[in-house]
Amino acid sequence: MNQVVNIEFPNEIVLFVKREDLLHPQISGNKFRKLKYNLQEAKNQGFSKLLTFGGAFSNHIAATAAAGNEFGFHTIGVIRGEELVDKIDQNATLSLAKENGMQFEFVSRECYRQKETTEFIEKISEKYGKVFVLPEGGTNELAVKGCEEILTASDADFTHVCCAVGTGGTVSGIINSLHPNQKAIGFAVLKGDFLSQDICRFAKNGRWFLNNDYHFGGYAKINEELVRFLNDFHKQTGIPLDPVYTGKMFFGILDLIKKDYFKKGSKILAIHTGGLQGIRGMNEVLKKKGLPIIDYI
């Protein structure tokens, strides 16, 4: 569903939101898209177990657990941080994944950095048996294939399509399905120049630009300015944003509009990739820092 943002912009610019967050109550947004063909492949190959990786607030971990519960897979989450082993019930994301049947393997941060090595996968397989491995964040060729279905023929009139970028999979799928008159703008949510390289692995055309100006200091970094923006945006539009991905993207889009980045008459489509489950965990962090909380969850 495309929803117009009821904010008046200069130069006849209009902004719409594709509400991918409404696809499913728990397998939300781009995670629904990324998992679709991976789950089909796992089933086709006869797997009954899914194994994946993530941090304590990972949307991918929560979505994989929910998908496993709904579609009959046992799920195993390799979680970064041994100190979390006795804190599951204190963490909203891990609690939700546990409710959906996910089994956890907590590892040290040093060990976690080895997660893609053959040795690590073989060791995990010895413990859990035959597993279908999903990468951290869920990005692979099958995930990109799913994300290529985000844009449809009804989206052809938009001049720009915007997406938050964490691993590059979602925006790559969008790039591959752009209509000839369109350009994709990715908003990086973490520091580093490597994201462009990751996108180039999957993107099939060059009609895209990666903006690195709105990551707010790095992945999952947030400050009072961003919290106030999220709360004000929700009050104005009724659209909830998450603080790690879509919040930073929308902050960037509105700032670029103010700076006359977009030409007169531009029609912008912003992809809401979900991730709202992470707000509860982020609010706990904000409370500890004495900062305002996101007040619509």
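Below is a short write-up of the structure. Every residue gets a number counted from 1 within its own chain, in the order that chain's sequence is written. Only residues with pLDDT of at least 70 get local features here, since the model is predicted, and only at 80 or more are side-chain atom pairs given and counted; chain-wide, interface and lining totals rely on the full set of residues. The side-chain numbers reported here are obtained from all heavy atoms of the structure, hydrogens and water having been left aside.

A short note on helix α10 (residues 246-258)
So the rule is basically this: Going along the chain from the N terminus, every DSSP run of H or I of four or more residues is numbered as a helix, and every run of E of two or more is numbered as a strand. Here, expected helix span is obtained from the residue count minus one, scaled by 1.5 Å. Burial classes: relative accessible area under 20% of the type maximum marks a residue as buried, over 50% as exposed, and values in between as partly exposed (1.4 Å probe, protein chains only). Throughout, a residue-residue contact means that at least one pair of heavy atoms, one from each residue, lies within 4.5 Å.
Relative to the 18 Å expected for 13 residues at 1.5 Å per residue, α10 spans 18 Å between its end C-alpha atoms, a close match to the ideal helical length. For α10, the full list of buried residues reads Thr246, Gly247, Lys248, Met249, Phe250, Phe251, Gly252, Ile253, Leu254, Asp255, Leu256 and Ile257. In this structure, the buried residues of α10 make contact with β2 (14-19), β7 (160-165), β8 (183-188), β9 (208-211), α9 (224-237) and β10 (267-272). Directly after α10, the chain includes Asp260, whose backbone phi takes a positive value near 60°.

Some words on the environment of Ile253
Relative to the elements of secondary structure, Ile253 occurs in helix α10. Here Ile253 falls in the buried class, since its relative accessible area comes to 0%. On a C-alpha basis, the gap between Ile253 and Val17 in space is 12 Å, while along the polypeptide they are 236 residues apart. Leave out the neighbours within four places in its chain, and Ile253 touches Leu15, Cys162, Phe187, Phe262 and Ala270.

Points about the side chain of Asp242
Filter applied, for reference: Here the positive residues are Lys and Arg and the negative ones are Asp and Glu; neither His nor the chain ends is included. For salt bridges, the criterion is a side-chain nitrogen of Lys or Arg within 4 Å of an Asp or Glu carboxyl oxygen. Pairs of N or O atoms are called polar contacts if they sit within 3.5 Å, as long as, within protein, a hydrogen donor faces a hydrogen acceptor (for residues adjacent in sequence, only side-chain-to-side-chain pairs).
Mapped onto the fold, Asp242 is located in the loop between α9 and α10. Buried charge without a salt bridge: Asp242, with Lys248 as the nearest opposite-charge side chain at an N-O distance of 8.4 Å. A polar side-chain atom of Asp242 sits 2.9 Å from the main-chain amide nitrogen of Val244. Looking at Asp242, its side chain comes within polar contact range of the main-chain nitrogen of Tyr245, at 2.9 Å. With residues up to four places along the chain from it excluded, the contact list for Asp242 reads Leu230, Gly247, Gly274, Gly275, Leu276 and Ile279.

Observations concerning unusual backbone geometry
Unlike most non-glycine residues, Asn11 shows phi in positive territory, near 60°. Its place among the elements puts Asn11 in the loop between β1 (2-4) and β2. We classify Asn11 as partly exposed; its relative accessible area is 35%. A positive phi is found at Phe216, a non-glycine position, where the angle reads about 55°. Inspection of the secondary structure puts Phe216 in the loop between β9 and α9. On the accessibility criterion, Phe216 (18% relative accessible area) is buried.

Digging into the packing of aromatic side chains
Threshold: What counts as a ring pair is set by centres within 6.5 Å for rings of Phe, Tyr and Trp (its six-membered ring), and what kind of pair is set by the plane angle: stacked under 30 degrees, edge-to-face over 60, tilted for all other angles.
Applying the stated criterion across every chain yields a total of 12 aromatic pairs. On the basis of an interplanar angle of 50° and a centroid distance of 6.2 Å, the ring pair of Phe53 and Phe120 is categorised as tilted. With Phe53 in strand β3 (residues 49-54) and Phe120 in helix α5 (residues 118-128), the pair connects residues that are 67 residues apart, well separated along the chain. Per residue, the accessibility class of Phe53 equals that of Phe120, and both read buried. Relative to Phe250, the ring of Phe233 has its centre 5.1 Å away and its plane inclined at 45°; by these criteria the two rings are tilted. Separated by 17 residues along the polypeptide, Phe233 in helix α9 and Phe250 in helix α10 bring together distant segments of the chain.

As far as function goes, none of this settles anything; it's purely spatial.
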